[in-house]
Amino acid sequence: MLEVDCPCVTPEVVLKASGHVDKFTDLMVKDEKTGTCYRADHLVKDFCNEKLQNDNTMTADKAAELRHVLAVLDDLSAEELGARIKEYGITAPETKSPLSYPYPFNLMFQTSIGPSGLIPGYMRPETAQGIFVNFKDLYYYNGSKLPFAAAQIGQAFRNEGYLLSRNAHIKSDNDFLKVQISPRQGLLRVREFTLAEIEHFVDPEDKSHPKYSEVADLEFLMFPREEQTSGQSARTIQLGEAVSTGIVNNETLAYFIGRVYLFLTRLGIDKDRLRFRQHLANEMAHYAADCWDAEIECSYGWIECVGIADRSAYDLRAHSEKSGVDLVAHEKFSEPREVEKLVIATVKKELGLAFRGNQKTVVEALEAMDEKEALEMKATLESKGEAEFYVCTLGKNVTIKKNMVTISKEKKKEHQRVFTPSVIEPSFGIGRIIYCLFEHCFYTRPSKAGDEQLNVFAFPPLVAPIKCSVFPLIQDKKYDAVAKLISKSLTVAGISHKIDISGATIGKRYARTDELGIPFAITVDSTSSVTIRERDSKDQIRVNVEEVVSVVKDVTDGQSSWADAKGRFPAHSSVSADA
């Protein structure tokens, strides 16, 4: 993949073309007394959950209705959400005041560019658009061949979470923190966060993937939209079956779903608390042909952590229309081919009379139609004399009449095929993944004396921030010297570690490292050999001082396992392994 680093501040024209200015919204309601804003779907969700959990007088039909509302909540329009809020008598949580009708709230932070302040811009809500506008150069760098991918890790900004009331007053740092951090999902729904996104460009006529067979046999929890709308639960499905039955749109999308599953479970995410949920029709992002979310269950419920979307050719077409630059790929033929070519001939005079200043925009949109869309328009024009046509750069439908455009197919000889690539995008919310990893890896166990519960983070060695600890069994100069020598060798090998030469008991030092999620503890009890203790099993092996660094490095790099190490070196039995 080609890694890129694009600016965080994005000119409005870019996000206007992508559709974010008009469509990147959440439905909000406002407390009519204080002006405090709330997510409309969150209020309906909280109402339904509270009723289902606490209302013992509710009829079975009413309970079934509320469960159905929860299942299709993301699919509800503003009108439907407003109707539910009115029907259920939902009021503002804090004041119990009436709520406004749901309205769209754009999630982007607006700014101005340059000293004049005349150029509007936004803090980027995702990293993807920087890749799309640079497609032409990236395609060239890849030898003008498909498929290829570009990736970017960086900050994104969204104006969501807890919204400040117009009557709120900030008098201290504590007040500022209260309005900065959402009380419902403070660590998950933040305004500035790290995204890692891949844009995989592919021929829209061939979405097969050469490595698809490597993931086709994987089985995991999937939640197709049909199961959601019918009130069923997620079920275990083989990925290959999901593709063959049409649940997942294509092989490349499925390949990335499989790779995301392998990535998350290798990080330490519990596979039984991980599911892939398909977007409902109305929930689908404005660009997506098919989209799945990797959702992880934690104390907040099921949380979207990775989105895997088939964005089709929407973005490249939209940016081509707006910029006038052809963001296309080429397939050269070994022999010229006679093909039927779609010809879209616009009548600029008629379009000019109808659309005036927007004539050029409408012409570009018509000429950018794909074959299916163009032929559907042709049939509609022939039967009705006019057709509704959505122009994404205008953000609205326009009426095209029969005298404004001629659509036909002609036979031509071609030496190459020119097309707009589709893009498959896995988008990782790094902060959310890390938070869920903390929850999934945390557990407690009784102390050796049984008088307290000790905290443990069971991070896999590959992702543990500190790989091992080093300490002498007792305070002794010769043991301290060996510990410092091992510490120096670990530093040279690039292994993060913690050295502890305090006088605390060995059990307390083990407990400290377990609480930090450190997978291995090297204990110096001799000048020639040491023990390595594994955090979760508390098993120990004895290793020569000269070999200890290479053993730890192999296991923490994933080159070998703790089981492999136990097979190579003698076990060491000691009651001090217990914390």
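Residues numbered from 1 in each chain as written. Predicted model: local features only at pLDDT ≥ 70, side-chain atom pairs only at ≥ 80, totals over all residues. Heavy atoms only, no water.

## Points about the overall build of the chain
Reasoning step 1: The number of helices and strands found in the chain is 20 helices and 26 strands.
Reasoning step 2: Seen through its C-alpha atoms, the chain measures out along the principal axes to roughly 95 × 70 × 55 Å.
Reasoning step 3: For the chain, buried positions account for 46% of its 579 residues.
Reasoning step 4: Across the chain, every contact between residues at least 6 apart in sequence was considered, and the portion connecting residues at least 24 apart equals 68%.
Reasoning step 5: Accessible surface for the chain amounts to roughly 29100 Å². Of this, 50% is attributable to carbon and sulfur atoms. (Helix = DSSP H or I, 4+ residues; strand = E, 2+ residues; numbered from the N terminus. Buried < 20%, exposed > 50% of the residue type's maximum accessible area, 1.4 Å probe, protein only. Contact = heavy atoms within 4.5 Å. Areas by Shrake-Rupley, 256 points an atom, 1.4 Å probe, with all protein chains shown as cover.)

## Looking at the confidence of the model for the chain
Reasoning step 1: Predicted confidence across the chain gives a mean pLDDT of 89, with 94% of residues reaching 70 or more.
Reasoning step 2: Predicted confidence is poor over residues 162-183, with pLDDT under 50, and the contacts of this stretch with residues over four places away or in other chains come to 28 contacts. (pLDDT = per-residue confidence, 0-100.)

## A few points about the packing of aromatic side chains
Reasoning step 1: What the rule picks out here adds up to 19 aromatic pairs.
Reasoning step 2: The interplanar angle of 55° and the centroid separation of 5.9 Å between the aromatic rings of Phe 438 and Phe 457 together place this pair among those described as tilted. A residue pair is termed long-range when its members are at least 10 positions apart, and Phe 438 in helix H16 (residues 430-441) and Phe 457 in strand S21 (residues 453-457) qualify at 19 residues.
Reasoning step 3: Of the residues examined, Phe 438 reaches a relative accessible area of 38% and is grouped as partly exposed.
Reasoning step 4: Among the aromatic residues, those joined into a cluster by ring pairs are Phe 132, Phe 135, Tyr 139, Phe 148 and Phe 201.
Reasoning step 5: When the ring centre of Trp 302 is taken as reference, the NZ or CZ atom of Arg 275 above it lies at 4.3 Å.
Reasoning step 6: Here the guanidinium or amino end of Arg 533 rests over the ring plane of Tyr 510, the centre of that ring lying 4.3 Å away. (Phe/Tyr/Trp six-rings, centres within 6.5 Å; stacked < 30°, edge-to-face > 60°. Lys NZ or Arg CZ within 6 Å of the ring centre and 35° of its normal.)

## Some thoughts on the pairing of S21
Reasoning step 1: The two faces of S21 differ: Leu 454 and Val 456 on one face are buried, but Gln 453, Asn 455 and Phe 457 on the other face are not.
Reasoning step 2: Taken together, strand S20 (residues 442-446) and the strand that follows it, S21, pair antiparallel across an intervening segment of six residues, in which Gly 450 is found at a positive phi of about 75°. (Pairing = 2+ DSSP bridges.)

## A look at the sheet that holds strand S24 (residues 520-524)
Reasoning step 1: Taken together, the five strands give an open sheet; going across it, the order is S23-S22-S24-S25-S26, and neighbouring strands pair in mixed fashion. Across the chains shown, the open sheet's two edge strands, defined by having one partner strand only, are strand S23 (497-499) and strand S26 (540-544). Between one strand and the next, the sheet's axes are offset by a mean angle of 25°, whatever the strand orientation.
Reasoning step 2: Pairing between S24 and strand S25 (residues 529-534): five bridges, direction antiparallel. Paired with Ala 521 across the bridge in S25 is Arg 533.
Reasoning step 3: Here helix H17 (residues 477-492) sits on the sheet and contacts strand S22 (468-472), S23, S24 and S25; the angle it forms with S22, its principal contact strand, is near 160°. (Axes fitted to C-alpha atoms, helices over the stretch in contact; angles between N-to-C directions.)

## Describing the layout of surface pockets
Reasoning step 1: Considered as a void within the structure, the second largest pocket measures approximately 1400 Å³ in volume.
Reasoning step 2: Together, 37 residues line the second largest pocket, and Arg 317, Met 369, Asp 370, Val 418 and Phe 419 are the ones closest to its centre.
Reasoning step 3: Looking at the lining of the second largest pocket, the elements that each hand over two or more residues are helix H12 (314-323), strand S15 (329-346), helix H14 (359-367), helix H15 (371-384) and strand S18 (405-419).
Reasoning step 4: Per-element tally for the lining of the second largest pocket: the top contributor is S15, with nine residues.
Reasoning step 5: Across the lining of the second largest pocket, the residue classes break down as 14 nonpolar, five polar and 18 charged. (1 Å grid on protein atoms, 1.4 Å probe; cavity = no way out; pocket = protein on both sides within 12 Å on 5 of 7 lines; lining within 4 Å. Points joined across faces, edges and corners; volume = space filled by probe spheres on them. Nonpolar A, V, L, I, M, F, W, Y, C, P; charged D, E, K, R; others polar.)

## Examining the nonpolar core
Reasoning step 1: One finds Val 248, Ile 257, Leu 264, Phe 276 and Val 306 to be the most contacted residues of the largest nonpolar core, which totals 47 residues.
Reasoning step 2: Among the elements that make up this core, the one with the highest residue count is helix H11 (residues 251-267) (nine residues).
Reasoning step 3: Among the nonpolar cores identified, the runner-up in size contains 24 residues, and Val 482, Ile 522, Val 545 and Val 549 belong to it. (Core = buried A, V, L, I, M, F, W, Y, C linked by side-chain atoms within 4.5 Å.)

## Observations concerning unusual backbone geometry
Reasoning step 1: Of the consecutive residues Leu 146 and Pro 147, the connecting peptide bond is found in the cis state with omega at -5°.
Reasoning step 2: For Pro 147, the location among the structural elements is in the loop between helix H7 (135-141) and strand S8 (148-157).
Reasoning step 3: Of note, the phi angle at Ser 144 is positive, near 55°, even though the residue is not glycine.
Reasoning step 4: Relative to the assigned elements, Ser 144 resides in the loop between H7 and S8.
Reasoning step 5: On the accessibility criterion, Ser 144 (36% relative accessible area) is partly exposed.

## Some details on the domain arrangement of the chain
Reasoning step 1: Domain parsing of the chain yields domain 1 (26-102), domain 2 (124-163 + 185-328 + 420-446), domain 3 (335-415) and domain 4 (459-568).
Reasoning step 2: Centre-to-centre separation of domain 2 and domain 4, based on C-alpha positions: 38 Å.
Reasoning step 3: For the pair domain 2 and domain 4, the two sides together bury roughly 690 Å², of which 58% comes from carbon and sulfur.
Reasoning step 4: Joining domain 2 to domain 4, the criterion identifies one salt bridge.
Reasoning step 5: Across the pair Asp 514 and Arg 445 runs a salt bridge whose closest N-O atoms are separated by 2.9 Å. (Domains from an automatic or database assignment. Buried area = accessible area lost by both parts, 1.4 Å probe. Salt bridge = Lys/Arg side-chain N within 4 Å of Asp/Glu carboxyl O.)

## Considerations on the pattern of salt bridges
Reasoning step 1: Applying the stated criterion across every chain yields a total of 32 salt bridges.
Reasoning step 2: With its nearest N and O atoms 3.2 Å apart, the salt bridge here joins Asp 557 to Lys 553.
Reasoning step 3: Residues joined in a network through salt bridges with shared partners are Lys 62, Glu 65, Arg 84 and Glu 87.

## Considering the sheet that holds strand S12 (residues 274-278)
Reasoning step 1: Strand order in the open sheet made by the nine strands is S1-S8-S9-S19-S14-S13-S12-S10-S11, with mixed pairing throughout. With partners counted over all chains shown, the strands left at the sheet margins are strand S1 (2-3) and strand S11 (235-238), one partner each.
Reasoning step 2: Relative to S12, strand S10 (residues 219-223) is paired through three bridges, and the arrangement is parallel. For Leu 221, the partnering residue across the bridge sits in S12 and is Arg 275.
Reasoning step 3: This element, H11, spans strand S9 (192-202), S10, S12, strand S13 (290-298), strand S14 (301-310) and strand S19 (422-429) of the sheet and lies at about 145° to S14.

## Some thoughts on helix H3 (residues 40-54)
Reasoning step 1: An ideal rise of 1.5 Å per residue puts 21 Å on 15 residues; H3 measures up with 21 Å between its terminal C-alpha atoms.
Reasoning step 2: For H3, the set of buried residues is Ala 40, Asp 41, His 42, Leu 43, Val 44, Phe 47 and Cys 48. (Expected span 1.5 Å × (residues − 1).)

## A few points about the side chain of Ser 526
Reasoning step 1: Take Ser 526: it is sitting in the loop between S24 and S25.
Reasoning step 2: A distance of 3.1 Å separates the side chain of Ser 526 from the backbone nitrogen of Ser 528, its partner in a polar contact.
Reasoning step 3: Here Ser 529 takes part through its backbone nitrogen, which lies 3.5 Å from a polar atom of the side chain of Ser 526.
Reasoning step 4: Those residues in contact with Ser 526 that sit more than four places away from it in its chain are Tyr 479 and Val 482. (Polar contact = N/O pair within 3.5 Å; in protein donor to acceptor, adjacent residues only side chain to side chain.)

## Structural notes on the environment of Tyr 38
Reasoning step 1: With respect to the helices, strands and loops of the structure, Tyr 38 is situated in strand S4 (residues 37-39).
Reasoning step 2: For Tyr 38, a relative accessible area of 12% gives the class buried.
Reasoning step 3: Considered as a pair, Tyr 38 and Arg 445 are 407 residues apart in the sequence and their alpha carbons are 40 Å apart.
Reasoning step 4: If sequence neighbours within four positions are ignored, Tyr 38 has contacts with Leu 27, Met 28, Val 29, Asp 31, Leu 43, Ala 92, Pro 93, Glu 94 and Leu 99.

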